[in-house]
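# Commentary on secondary and tertiary structure
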Amino acid sequence: MGKVTGFMEYERLEEGYAPVPERLKHYKEFVIGLKADEAKLQGARCMDCGTPFCNNGCPVNNIIPDFNDLVYRGDWKNAFAVLDSTNNFPEFTGRICPAPCEAACTLNVNDDAVGIKSIEHAIIDRAWADGWVQPRKAIAKTGKKIAVVGSGPAGLAAAQQLARAGHDVTVFEKNDAPGGLLRYGIPDFKMEKSHIDRRVEQMKAEGVVFRTNTLVGRLPEGSKVTNWAKDSVGAEQLKAEFDAVLLTGGAEQSRDLPVPGRELDGVHFAMEFLPQQNRLNAGGKLKGQIRADGKHVVVIGGGDTGSDCVGTSNRHGARSVTQFELLAMPPERENGPLVWPYWPIKLRTSSSHEEGCEREFAIATKEFIGEKGRVTALKSVRVEWVNGKMSEVPGSEKIVPADLVLLAMGFVSPVSTVLEAFGVDKDARGNAKAGTEAAGGYKTNVDKVFAAGDMRRGQSLVVWAIREGRQAARAVDEYLMGVSDLPR
């Protein structure tokens, strides 16, 4: 490394945030990225540790020590080349990835990890600003046609890799713009959609065709999954027209809470609430938006989606925001030597929590209470966990005011009717059944139909979706051509 003793000389420096009163007035990004000299010092903290656990902690296996060292040396263009070799979309992961690479950093055993995510963020933003991100067209065309169903990070990564291998790729998206949950699930204040738009333009220049507003198959009757499609296409038609079909839709089936009063107005899935705001931010039209203005909002679910609901509700002007988590409060800091290099369970406070939110742990919802068909409160109860089993605490029931309840308890599976339309076998959790082995990886039981991302592995991270998209692209390329030069 360029600065062998850097980890002893320099402290971890976090990216900054705009003040809360200022950022609550808009939906734009508010993270203040590292300046070049600050990123250099973070790069200097990377240790000459021999075995870079960060590399394996990262699902796309970013070559982290190399780009850290290059940033330290001021060679930003080559740092981008190294980052770009393993990750199609560092501007996505540099903003919204929880950074498992940092959990695996050797320095994290007994000190603060290297700020890998902030360095990645700085590299890709500079690459776009300096014009280093350019279309890479295939040298020769193969004549093979591939349909990619779903335009989230897995679908985008796969489509880009396949187009660069010379195939004719068409991406089908049921909503009005590509991006999947990147566009209509993640709030703009965490990632503005211009980052998706310029990648889509790059991919179009590389030959990828996007067919938006087109639903493949059908959705179940009464489905709450966001669908603004104006057209549809059948599974049999895709199998007839294309040499291979890759299913990369998201795990969009939200986990429900079937307690008394669930039918009341004002109780919604998070993924009914969040996409509406993103569409309005993009200038789209919408009737009957779910709003939090002046309401007591209760968000059920303590993960990232719940946090996104908190931030959006505060920007609406909610009267109060409370977030429920069924599990007990985790420790504020993990026992590093015990859990490293694995992802630790610890208390995580997001920027949205800091904007105003009461967090309740070890609490369950027993009933939704309403008047005239609309929710006005909910009945909660404290719970305790012993040997992995939950029990209610006697006498702990409480009535909590709630004019809007947002269910953010995760996602159980992809939409079943899409898989059924193709005749794809499902695993025990309702995901597409397909392995990841090198030979025949990502292939389903149906000839020339593949699956990757959340469609195959279930609810996961954006960085895992990118990895699966890249690996599935290689599998499809091998299936069509017999061999593949695409990285796995």
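Following Trp340, the chain continues to Pro341 via a peptide bond in cis, the omega torsion being 5°. Checked against the element boundaries, Pro341 lands in the loop between α16 (336-339) and α17 (351-354). Of note in this structure, Ala362 is not a glycine but carries a positive phi near 55°. The topology assignment puts Ala362 in the loop between β13 (358-361) and β14 (363-371). Under the relative-accessibility criterion, Ala362 is labelled buried at 13%. Positive phi values are uncommon outside glycine, yet Tyr442 reaches one of about 70°. Tyr442 gets classed as buried once you look at its relative accessible area, which sits at 1%.

This paragraph deals with the pairing of strand β18 (residues 404-407). Residues Leu404 and Leu406 line one face of β18 and the alternating positions Val405 and Leu407 line the opposite face, and both faces are buried. When strand β10 (residues 267-269) meets β18, the two strands line up parallel, connected through 3 bridges. Considered in β18, the bridge of Phe269 is made with Leu407. In terms of strand pairing, strand β11 (residues 296-300) meets β18 through 4 bridges, oriented parallel. By the bridge assignment, Val297 is partnered in β18 with Leu404.

Together, Leu326, Leu327, Trp385 and Met390 line one region of the surface with nonpolar side chains, adding up to about 350 Å² of accessible area. Here Met390 lies in strand β16 (residues 389-392). On the basis of relative accessible area, Met390 is assigned to the partly exposed category, the value being 40%.

Attention shifts here to the sheet that holds strand β12 (residues 320-325). The parallel open sheet is built from 5 strands, whose spatial order is β10-β18-β11-β12-β13. Lying at the two open borders of the sheet, with one neighbouring strand each, are β10 and β13. Adjacent strand axes in the sheet meet at a mean angle of 20°, parallel and antiparallel pairs treated alike. On top of the sheet, helix α14 (residues 270-281) reaches β10 and β18; it is set at about 75° to β10, its chief contact. Contacts from helix α15 (residues 304-316) reach β11, β12 and β18, with the element oriented near 175° to β12.

Right, let's talk about α15 for a bit. Counted at 1.5 Å a residue, the expected span for α15 with its 13 residues is 18 Å, and the 18 Å between its end C-alpha atoms agrees. Most of α15 is tucked away, with 11 of its 13 residues classed as buried. Elements in contact with the buried residues of α15: α2 (20-23), α14, β11, β12, α17 and β18. Positive phi appears at Gly317, one or two residues downstream of α15, with a value of about 100°.

Our focus in this paragraph is the nonpolar core. Core analysis: the largest hydrophobic core is formed by 66 residues, its most contacted members being Phe67, Ile123 and Leu182. Considering every element that reaches this core, the biggest residue donor is helix α20 (residues 462-481), with 8 residues. Residues in contact with Ile123, not counting those within four places in the same chain, are Phe67, Val71, Trp76, Ala79, Phe80 and Leu83. Among the nonpolar cores identified, the runner-up in size contains 23 residues, and Phe172, Val216, Leu238 and Val446 belong to it.

A few words now on the packing of aromatic side chains. All told, the structure shown has 7 aromatic pairs when counted by the stated rule. With a centroid separation of 5.6 Å and 80° between ring planes, the pair formed by Tyr17 and Phe30 is classed as edge-to-face. In this pair, Tyr17 sits in strand β1 (residues 16-17) while Phe30 sits in the loop between α2 and β2 (31-32), placing the two residues 13 residues apart along the sequence. Overall, the relative accessible area of 39% leaves Tyr17 in the partly exposed class. The ring of Trp228 carries Arg279 above its face, with NZ or CZ at 4.1 Å from the centroid.

Attention now moves to the sheet that holds strand β20 (residues 449-451). Spatially, β5-β4-β3-β8-β20 is the arrangement adopted by the 5 strands of the open sheet, whose pairing is parallel. Lying at the two open borders of the sheet, with one neighbouring strand each, are β5 (209-211) and β20. Direction aside, neighbouring strands of the sheet carry axes that sit 20° apart on average. The sheet contact formed by strand β3 (residues 145-149) and strand β8 (residues 244-247) spans 4 bridges and is parallel. Across the sheet, Ala147 pairs through a bridge with Val245, a residue of β8.

A covalent bond bridging the sulfur atoms of two cysteines is what the word disulfide describes. This structure, assessed with the given rule, holds 0 disulfides. In this model Cys105 remains outside any disulfide bridge; the closest cysteine sulfur is found in Cys54, 6.5 Å from its own. Left without a disulfide partner, Cys357 is nearest to the cysteine sulfur of Cys309, which lies 11 Å away. Classification of Cys357 as partly exposed rests on a relative accessible area of 21%.

On to the packing of helix α3 (residues 36-44) against helix α5 (residues 64-72), then. Put simply, α3 and α5 touch, their axes get as near as 7 Å, and they point 135° apart. One finds that α3 runs oblique with respect to α5. Our pair here, α3 against α5, has a crossing hand that is left-handed. On α5, the residues that touch Ala39, Lys40, Gly43 and Ala44 of α3 are Asn68, Val71 and Tyr72. Of the residues that constitute the contact of α3 with α5, the class distribution is 4 nonpolar, 2 polar and 1 charged.

Parameters and conventions
Residues numbered from 1 in each chain as written. Predicted model: local features only at pLDDT ≥ 70, side-chain atom pairs only at ≥ 80, totals over all residues. Heavy atoms only, no water. Helix = DSSP H or I, 4+ residues; strand = E, 2+ residues; numbered from the N terminus. Buried < 20%, exposed > 50% of the residue type's maximum accessible area, 1.4 Å probe, protein only. Pairing = 2+ DSSP bridges. Patch = residues over 30% accessible without salt bridge, like charges linked within 9 Å, V, L, I, M, F, W, Y side chains within 5 Å. Areas by Shrake-Rupley, 256 points an atom, 1.4 Å probe, with all protein chains shown as cover. Salt bridge = Lys/Arg side-chain N within 4 Å of Asp/Glu carboxyl O. Axes fitted to C-alpha atoms, helices over the stretch in contact; angles between N-to-C directions. Contact = heavy atoms within 4.5 Å. Expected span 1.5 Å × (residues − 1). Core = buried A, V, L, I, M, F, W, Y, C linked by side-chain atoms within 4.5 Å. Phe/Tyr/Trp six-rings, centres within 6.5 Å; stacked < 30°, edge-to-face > 60°. Lys NZ or Arg CZ within 6 Å of the ring centre and 35° of its normal. Disulfide = S-S within 2.5 Å. Parallel < 35°, antiparallel > 145°, perpendicular 65-115°, else oblique. Left-handed = near helix turned anticlockwise from the far one by under 90°. Nonpolar A, V, L, I, M, F, W, Y, C, P; charged D, E, K, R; others polar.

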